[in-house]
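Coordinates in review
For reference, the chains in residue letters:
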Amino acid sequence: MPRVVDQLKFPQKTDLNLGSQKDVWCDFHKSFGHNVERCITLGHQLASLVKEGFLKEYLEAYQEEPKGEVALRVQSHEISIHGEMNTISGGF
């Protein structure tokens with residue numbers, strides 16, 4: 001099986017905080033702000049590898065999972081939140 005790491009395009013190291021969580025480390029970006037599980041850049045690259053068929057053997061190993069469990073996981077998908085948006089509203 002080919003190494004996934006060899007296919008990834010790692011970003012340049014930065015001292016910027018790449019998210020709202022100042023104490024959470026991303027091994028992919030080598031920076032604070034979010035963790036690897038919530039890394040959008042890494043997610044996009046992995047999705048591209050899946051579309052290209054690069055991870056076909058890896059994904060076939062998980063095709064044996066029962067359909068009910070897959071459907072349950074899809075329903076419980078969590079949308080990642082990237083920071084806070086504070087608003088002020090008022091009126092009568």
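Residues numbered from 1 in each chain as written. Predicted model: local features only at pLDDT ≥ 70, side-chain atom pairs only at ≥ 80, totals over all residues. Heavy atoms only, no water.

**Let's talk about the overall build of the chain**
- Helices and strands together make up the secondary structure of the chain, namely three helices and two strands.
- For the chain, the N- to C-terminal ordering of α and β elements is β-β-α-α-α.
- Counting only residues that meet the buried cut, the chain has 16% of its 92 residues in that class.
- In the chain, of all internal contacts separated by at least 6 residues, the share reaching a separation of at least 24 is 28%.
- Only carbon and sulfur atoms are counted for the fraction: they give 56% of the accessible area of the chain, which is about 8200 Å². (Helix = DSSP H or I, 4+ residues; strand = E, 2+ residues; numbered from the N terminus. Buried < 20%, exposed > 50% of the residue type's maximum accessible area, 1.4 Å probe, protein only. Contact = heavy atoms within 4.5 Å. Areas by Shrake-Rupley, 256 points an atom, 1.4 Å probe, with all protein chains shown as cover.)

**Describing the layout of surface pockets**
- Of the pockets and cavities examined, the second largest pocket occupies roughly 210 Å³.
- If you trace the second largest pocket, you find it lined by G43, L46, A47, V50, L55, Y58 and L59.
- Elements represented by at least two residues in the lining of the second largest pocket include exactly α1 (40-51) and α2 (56-60).
- Top element by residues in the lining of the second largest pocket is α1. It accounts for four residues.
- Here the lining of the second largest pocket is built from residues that sort into six nonpolar, one polar and no charged. (1 Å grid on protein atoms, 1.4 Å probe; cavity = no way out; pocket = protein on both sides within 12 Å on 5 of 7 lines; lining within 4 Å. Points joined across faces, edges and corners; volume = space filled by probe spheres on them. Nonpolar A, V, L, I, M, F, W, Y, C, P; charged D, E, K, R; others polar.)

**Structural notes on unusual backbone geometry**
- In this structure, K30 takes a positive phi of about 55° despite not being glycine.
- Position of K30 among the secondary structure elements: in the loop between β1 (21-26) and β2 (31-33).
- Looking at K30, the relative accessible area reads 43%, which means it is partly exposed.

**Quick look at the environment of L49**
- By the secondary structure assignment, L49 is in helix α1.
- For L49, a relative accessible area of 5% translates into the label buried.
- Not counting chain neighbours up to four residues away, the residues in contact with L49 comprise V4, Q7, L8, F54 and L55.

**A few points about the side chain of H29**
- With respect to the helices and strands, the residue H29 is situated in the loop between β1 and β2.
- Within polar-contact distance, the side chain of H29 engages the side chain of H34 at 3.4 Å.
- Excluding anything up to four places from it in sequence, H29 contacts P11, K13, L18, H34, C39 and T41. (Polar contact = N/O pair within 3.5 Å; in protein donor to acceptor, adjacent residues only side chain to side chain.)

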